[in-house]
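# Structure at a glance
Chain by chain, the residues:
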Amino acid sequence: MITVPPSFRAMPRWWHDDAGRGWLEDLPSRAAARCAAWGLSVDGEAAHGSNALVVPVRRGDERLALRLTPPGDDVAAEVRALRWWAGRGTVLLVDADEDEGATLLERLDGGRSLADEPLDAATEVLAGLTRTLAVPAPDDAPSTAAIAAGMAESFPREWATLGEPMPARQLDVAAALAAERAAAPTSSLAVDGDLHHAQVLAGARAPWLVVDPVLWRGDREADLARALWTRLDELPTEPAVVAAFERFVQVADVPRDRARAWVVLRATSYLLWGLAHGLTEDPVRCRRLLDVFA
């Protein structure tokens, strides 16, 4: 039987989630049942991120990871993304039971992510991964154009509801850029809509591999803002922020104006979402990005 880490039990996501707390209590038996079904033996202590418990396991000599996610999480979308990329820049999916919220994955080094690497080097890896992940995407994958269209419609309403939390000039810039990206031709290439340092782990098959990707199609730089705000405290000045942005653009080989547009769009989106959900730190970082790029 596995032991659920106390830090996972203490996460705020369970405070108002009765189904999630029930799932949490059943986790040891769920893990045991999944190990029996897939012929696995536990090979170490369980770890977790914000959304799942990960148990190191073995099947014979094969070192794998059993990932268990709570009810309501879109495991089907995660499974589809991993199957589509099939290990090209991402962790390999070995097996899945979507109804149980369980996936069996290639074992990566859960103790070493790009969040632990020097920022300059980590930025280059992330930028390079956008090129690796840019394989032909399924036609029905959410497009960055459609996402931008939703932003163009929602930004003014959310801004007003939240008491105008950013200058009207910045809102106007964000709304105009959202309309521009919504109307632009959409690339048929795949893009990870949740690409940031903590989602990239060290591996044996490749130096760095993406975990828990979100499959979109369109502009490869669509999540650049997240890569910046997650480590923005390491960039204390505007020139430092611009330098990190420019390095990503250079290595990823994406248009600078399009990259700037997505930094503004994603920073605006997360600023508004974060304030609506009571966040206090990331909205401040998003404001910093808007002051630089909008």
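Here goes a summary of the coordinates provided. None of these values were measured; they are calculated from a predicted model.

### A word on the side chain of Gln199
Residue placement: Gln199 occurs in the loop between β8 (190–192) and β9 (200–202). Among the polar contacts listed, one links the side chain of Gln199 to the side chain of Asp194, at a separation of 2.9 Å. With sequence-adjacent residues up to four places away left out, Gln199 is seen in contact with Asp194, Leu209, Val210, Val211 and Asp212.

### Quick word on empty space enclosed by the protein
For the structure shown, the criterion picks out two cavities of 30 Å³ or more. In this structure, the largest cavity occupies an estimated 70 Å³ of space. Contributing to the lining of the largest cavity are Leu119, Thr123, Leu126, His197, Leu224, Ala227, Leu228, Arg231, Leu235, Ala244 and Phe248. For the lining of the largest cavity, the secondary-structure elements that each account for two or more residues are α4 (119–132), α7 (224–229) and α8 (238–252).

### Observations regarding helix α9 (residues 256–276)
Given 3.6 residues per helical turn, the α-helix brings residues three or four places apart onto the same face. Taking 1.5 Å of rise per residue, 21 residues should cover 30 Å, and α9 covers 30 Å from first to last C-alpha, within 8% of that figure. Looking only at α9, the buried set comprises Ala259, Ala261, Trp262, Val263, Val264, Leu265, Arg266, Ala267, Thr268, Leu271, Leu272 and Gly274. Looking at the packing, one finds that the buried side of α9 touches α5 (144–161), α6 (168–183), β11 (215–217), α7, α8 and α10 (282–293). One or two steps after α9, the chain reaches Gly278, where phi turns positive at roughly 80 degrees.

Cut-offs used in this document
- Residues numbered from 1 in each chain as written.
- Predicted model: local features only at pLDDT ≥ 70, side-chain atom pairs only at ≥ 80, totals over all residues.
- Heavy atoms only, no water.
- Helix = DSSP H or I, 4+ residues; strand = E, 2+ residues; numbered from the N terminus.
- Polar contact = N/O pair within 3.5 Å; in protein donor to acceptor, adjacent residues only side chain to side chain.
- Contact = heavy atoms within 4.5 Å.
- 1 Å grid on protein atoms, 1.4 Å probe; cavity = no way out; pocket = protein on both sides within 12 Å on 5 of 7 lines; lining within 4 Å.
- Points joined across faces, edges and corners; volume = space filled by probe spheres on them.
- Expected span 1.5 Å × (residues − 1).
- Buried < 20%, exposed > 50% of the residue type's maximum accessible area, 1.4 Å probe, protein only.

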